[in-house]
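Structural description and commentary
Letter by letter, the chains look like this.
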Amino acid sequence: LCSLFKAKELDRSICDASLAEALLECAPADGYPPVSAGVLDAGTVWRATCRHVFEMGEREPDLVMLLLWATNKVTSSRYLNVGEELRVSLRQRLVSNLGDAADSILRFVDCQAGADALALAVVCQVIFGDSQDAVLDAAAARMEQYHNNKPISKLVGRALNRIANDAIADLDRTDDPRLAQEHLQRADELLKQFRCEDHAYRSRLTLLGYEQRLSRFGNQISTALTGLNPETIRRCEELQAEIAAHRRAKIGQRTEQLSRTEMALRLLRWLAAPIPAATSFSEMANVYRKELAFVDWARESICRGEDVADLTKAYQQLDQAVLARREQFNQTFAKSMADWTSIGSTFKDVCGVEEVLSQFVAKIADANNRVLLIVLDGMSWAVCHELLADIRNEHWFEATLEESSALPATIIATVPSITTYSRTSLMSGELVKGDQSIEKRNFEANAALKQVCDKRYPPILFHKKEVSEGARGIVGDDLSKAILSTNNKVVGVVFNAIDDRLSSAQQVREDWTINRISPLGAVLKLARDSGRVVILASDHGHVWHRPEAKLNAGDCGSRWRSDTGDAHEGEIAITGSRVREENGNRSVIVPWVETIYYGRQQNGYHGGATPQEMVSPLVILMDKTSTYSGLHPCEYPKPEWWMAPPVASLKIEEPSIAINVPKKPIGLFDWQTEEKAKPVTTPAKSKTIQPTPSAGAWLDRLFASTGYKDQKDFVRRHAPEDDLVRRCLAALNT
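For clarity, every value in this text was computed on a predicted model and none was experimentally measured.

Comments concerning the overall build of the chain
Secondary structure summary: the chain contains 29 helices and 21 strands in total. When the backbone C-alpha atoms are referred to their principal axes, the chain occupies close to 105 × 60 × 60 Å. Among the 734 residues that make up the chain, the fraction classed as buried is 51%. Summarising the internal contacts of the chain: among those between residues at least 6 apart in sequence, 76% fall at separations of at least 24. Counting every atom, the chain has about 35,000 Å² of accessible surface; 50% of that belongs to carbon and sulfur. Of the charged side chains in the chain, 89 are positive and 98 negative; the average position of the first set lies 2 Å away from that of the second.

Have a look at this one:
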């Protein structure tokens, strides 16, 4: 054996005949790597044994490696086929290094259950959690059949729990994810076999555990709706945090489902919060823009239901509670808007769509800025807020013409709020009816715009067919040249993606991002490259079709009808100069509830008097890398209830794993010997100490050094982040 390792001397502590025989039998053709200093020590022998005899890897295994090795029938069979003496030696070595959890893993292999070792470790998350009951005690007893009929202690069971997390994480990162799923599926089967499947929610890994966490969250929502208070909402937040901590959420398998749970929490907090007081029509429009539009964003997420029955039921109950509260505001808004329209009132902070060109586009261009007006037909404020969350990531930020940084005025659509009237009025700068040809002619001939443009380069407008080349969404050459040109001061472009989505009947919920509206991203990039101010606007909003919506008789559009003097429940008659009606009466009947429509069923509707349809988005955007004049930054803050308060982390007692670690030689950072080491005491009260300025220079050199990078590479898993190491060293430096 010594000759195979080119050794002159053998460490007598490992004089084990079974080890020698195994290494001789499994020796590679060219022998083992020569040992240093001519001494064949225990570490070298066991590394070679683990690698060549048991195929455990390049070195002695840790607990995660051992657990994954056990699940491989080929490698674990090597252990079963060697003699009893060698198996005992291996067990002693592993238990000495890794603790009793290693013994349990080998017992799984002894019982011919090595293939289930990882699944059994996952099951330990359920059986050996923080609390116990009779069902789990009985399950632990049933599990003994895979453990040489010996009980598993709670300490070892919890250790296996932790090891299972790391093992599954390793499979997710490095192997076929289906392999990890096979082990987790087997774990769910074992939970049923041990008759504790009702407790699967305690598992952070299995599908059954994830579904039960969703179900528990749904049941708690139903409970909270019967008596909203901080405690019931806090419990919902805790259960949602458990869902977010589950493997399926962390690896991104159910990102949309997780997002819906967050939206549900926001709606619960909104139901428990008062609606800001608003008396005038302008205040109501602003309350919708700043708060209730976020409610519409959230409830659209949850209204489609889930694949877990309890959660679907809870979402339906939550949706109805939100709808009932929203309709109170919608009714008040519709009455106030009817008064505002009939009187012809004007407010500084409220503008009609027909004033957008003169009050925003022309003024911004007159301040020596080049402007790109992007009109997203049918975009509501709910969609706009969702889209803005993505746009901000592209180096854009909101702006205003007000020196006080007050938000731009709210924009109100025409009545009825349909494309024929509202968009044509927006693109014309006056209340008119028309189609694309009239929009283009009026936009390019608008007096306010022409006044701020070079006569040789008047305003120019692009519609759907002119925006992109073909169906793939590539920006057309004419539009690209117009945006990039320094001569064209005002360019307009119309996207129909949202309005087109309303007319379809697909059972698909859109996530409104830049990439979902082709080619919006490319157009925004062109605007950024050319230093243009972007005005993102809409002609009207929309309401989505609801399951309880009812069809009423009507003679005009999907959400408006002629004023015959018989407004029914949920409808209101509106009269005034801003009312566009076919027969010139300047009076129509429109619904203020979301559940009424006229004509054929669609995915969504517009034309009614709800704030979702009437309050049209308008956002001024500046790029962070360009220079503009006459504009001031502003913010569209999220409501308080939108942002989750800090939730106290669930305290899970992580078990300590008894590991006997052999003494190692003093390393680079072992500044004192073990004998001289003294216990560190933490004072009862400590002050935060700022690192001295001198720490920065040597820390920078350390993190840039090859030695530090090489040392970090030795960490097999969970290497600390450089920022954490830097802060620790900076604190020690003081």
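A closer look at the packing of aromatic side chains
Considering all chains together, one arrives at 15 aromatic pairs under this definition. Relative to Tyr-79, the ring of Phe-54 lies with its centre 6.4 Å away and its plane at 50 degrees, an arrangement referred to as tilted. Of this pair, Phe-54 sits in the loop between α2 (42–53) and α3 (63–71) while Tyr-79 sits in helix α4 (residues 73–81), placing them 25 residues apart in sequence. With a relative accessible area of 1%, Tyr-79 lands in the buried category. A connected cluster of aromatic rings, assembled from ring pairs, spans Phe-281, Phe-329, Phe-333 and Trp-340. Note that Arg-87 overlies the ring of Tyr-79, its terminal NZ or CZ placed 5.9 Å from the centroid. The ring of Trp-270 carries the charged tip of Arg-325 above its face, separated from the ring centre by 4.5 Å.

Overview of the side chain of Asn-603
Its location among the elements puts Asn-603 in the loop between β17 (596–598) and β18 (604–605). Side-chain polar atoms of Asn-603 contact the backbone oxygen of Arg-501, separated by 3.3 Å.

Considering the sheet that holds strand β16 (residues 587–591)
Taken together, the three strands give an open sheet; going across it, the order is β14-β16-β15, and neighbouring strands pair in antiparallel fashion. With one partner strand each, in any of the chains shown, β14 (561–562) and β15 (571–575) form the two edges of the open sheet. Bridge analysis of β14 against β16 gives two bridges, and the strand direction is antiparallel. Along β16, the bridge assignment pairs Ser-562 with Val-588.

Some points on the pairing of strand β4 (residues 371–376)
Burial analysis of β4 places six of its six residues in the buried class, the great majority of the element. Examined bridge by bridge, β4 and strand β11 (residues 533–537) share five bridges and lie parallel to one another. Bridging from a neighbouring strand, Ile-374 pairs with Leu-536 of β11.

What to know about the pattern of salt bridges
Scanning the entire structure with this criterion turns up 36 salt bridges. When the shortest N-O distance is used, the salt bridge between Arg-51 and Glu-58 registers 3.2 Å. Of the charged contacts, one joins Asp-377 and Arg-423 as a salt bridge, the two residues approaching to 2.8 Å between their closest N and O atoms. Of this pair, Asp-377 sits in the loop between β4 and α18 (381–391) while Arg-423 sits in helix α19 (residues 419–428), placing them 46 residues apart in sequence. By relative accessible area, Asp-377 is classed as buried at 0%.

Digging into the nonpolar core
Of all hydrophobic cores here, the largest spans 133 residues; its most connected members are Phe-217 and Ile-374. No other element matches the 12 residues that helix α15 (residues 281–302) contributes to this core. Ignoring any residue separated from it by four or fewer positions in sequence, one finds Ile-374 in contact with Val-493, Phe-495, Leu-520, Val-523, Leu-524, Val-534, Ile-535, Leu-536 and Ala-537. Core analysis: the next-biggest nonpolar cluster, separate from the first, contains 72 residues, Phe-5, Val-35, Cys-50 and Ala-159 among them.

Brief notes about the confidence of the model for the chain
Averaged over all residues, the pLDDT of the chain is 87; the fraction at 70 or higher stands at 91%. Segment residues 647–693 is flagged for pLDDT under 50; beyond a separation of four residues in sequence, or across chains, it makes 41 contacts in the model.

A closer look at the side chain of Ser-485
Relative to the assigned elements, Ser-485 resides in the loop between α23 (477–484) and β10 (490–495). Judged by its relative accessible area of 16%, Ser-485 is buried. Of note is the side chain of Ser-485, whose polar atom sits 3.5 Å from the side chain of Asn-488. Residues within four places of Ser-485 in sequence aside, it is in contact with Arg-370 and Arg-532.

Let's talk about the sheet that holds strand β6 (residues 410–412)
Strand order in the open sheet made by the three strands is β3-β6-β19, with mixed pairing throughout. The sheet is open, and its two borders are formed by β3 (350–352) and β19 (615–616), each paired with just one other strand. Looking at chain direction, β6 and β19 are connected through two bridges and run antiparallel. Of the residues in β19, the one forming a bridge with Ile-411 is Ser-616. Contacting β3, β6 and β19, α15 runs over the sheet at an angle of about 105 degrees to β6.

Observations regarding unusual backbone geometry
Along the chain, Val-415 connects to Pro-416 via a cis peptide bond; the corresponding omega equals -5 degrees. Along the chain, Ser-518 connects to Pro-519 via a cis peptide bond; the corresponding omega equals -5 degrees. With respect to the helices, strands and loops of the structure, Pro-519 is situated in the loop between α24 (497–503) and α25 (520–530). Positive phi, close to 55 degrees, is recorded for Glu-55, a residue that is not glycine. Following the sequence through the fold, Glu-55 ends up in the loop between α2 and α3. Given the relative accessible area of 36%, Glu-55 is considered partly exposed.

Here's the deal with α2
With 12 residues, α2 ought to run about 16 Å at 1.5 Å a step, and its terminal C-alpha atoms sit 15 Å apart, in line with that. The element α2 is largely enclosed, with a buried count of nine among its 12 residues. For α2, the set of buried residues is Ala-42, Gly-43, Thr-44, Val-45, Trp-46, Ala-48, Thr-49, Cys-50 and Val-53. Of the residues flanking the start of α2, the one acting as N-cap is Asp-41, its side-chain oxygen 3.0 Å from the backbone nitrogen of Gly-43. The positive-phi residue at the C-terminal boundary of α2 is Glu-55, with phi of around 55 degrees.

Procedures and definitions
- What you see as residue numbers is a count from 1 along each chain, following the sequence as written.
- Totals for whole chains, interfaces and linings use every residue, but because this is a predicted model, local features are given only for residues with pLDDT of at least 70 and side-chain atom pairs only at 80 or more, for both listing and counting.
- The side-chain numbers reported here are obtained from all heavy atoms of the structure, hydrogens and water having been left aside.
- Under the DSSP-based scheme used, a helix requires at least four consecutive residues in state H or I and a strand at least two consecutive residues in state E, with every element numbered from the N terminus.
- Only protein chains enter the accessibility calculation, which uses a 1.4 Å probe; a residue is then buried when its area is under 20% of its type maximum, exposed when over 50%, and partly exposed in between.
- Contacts between residues were defined by any pair of non-hydrogen atoms, one from each residue, lying within 4.5 Å.
- The Shrake-Rupley method, run with a 1.4 Å probe sphere, supplies the accessible areas, and residue values consider only the shown protein chains as cover.
- Counting rule applied: Lys, Arg positive; Asp, Glu negative; His and chain ends not counted.
- Each charge is placed at NZ for Lys, CZ for Arg, CG for Asp and CD for Glu.
- Each pair of aromatic rings taken from Phe, Tyr and Trp, with Trp reduced to its six-membered ring, is defined by centres within 6.5 Å and is described as stacked if the planes are under 30 degrees apart, edge-to-face if over 60, and tilted in the remaining cases.
- For a Lys NZ or an Arg CZ to count as sitting over a ring, it must be within 6 Å of the ring centre and within 35 degrees of the ring normal.
- N or O atoms within 3.5 Å of each other form a polar contact, as long as, within protein, one can give a hydrogen and the other can take it, and as long as residues adjacent in sequence are counted only when both atoms are side-chain atoms.
- DSSP bridges decide pairing: two strands pair if at least two such bridges lie between them.
- When a carboxyl oxygen of Asp or Glu lies within 4 Å of a side-chain nitrogen of Lys or Arg, that pair is called a salt bridge.
- Among buried residues, those of type Ala, Val, Leu, Ile, Met, Phe, Trp, Tyr and Cys that are joined through side-chain atoms within 4.5 Å constitute a nonpolar core.
- The pLDDT value expresses, per residue, how confident the predictor is, ranging between 0 and 100.
- Here an angle of 0 to 180 degrees is reported between the N-to-C directions of two axes, which are lines fitted to C-alpha atoms, with helices fitted over the stretch in contact.
- By definition here, a helix of n residues has an expected span of 1.5 Å times n minus one.

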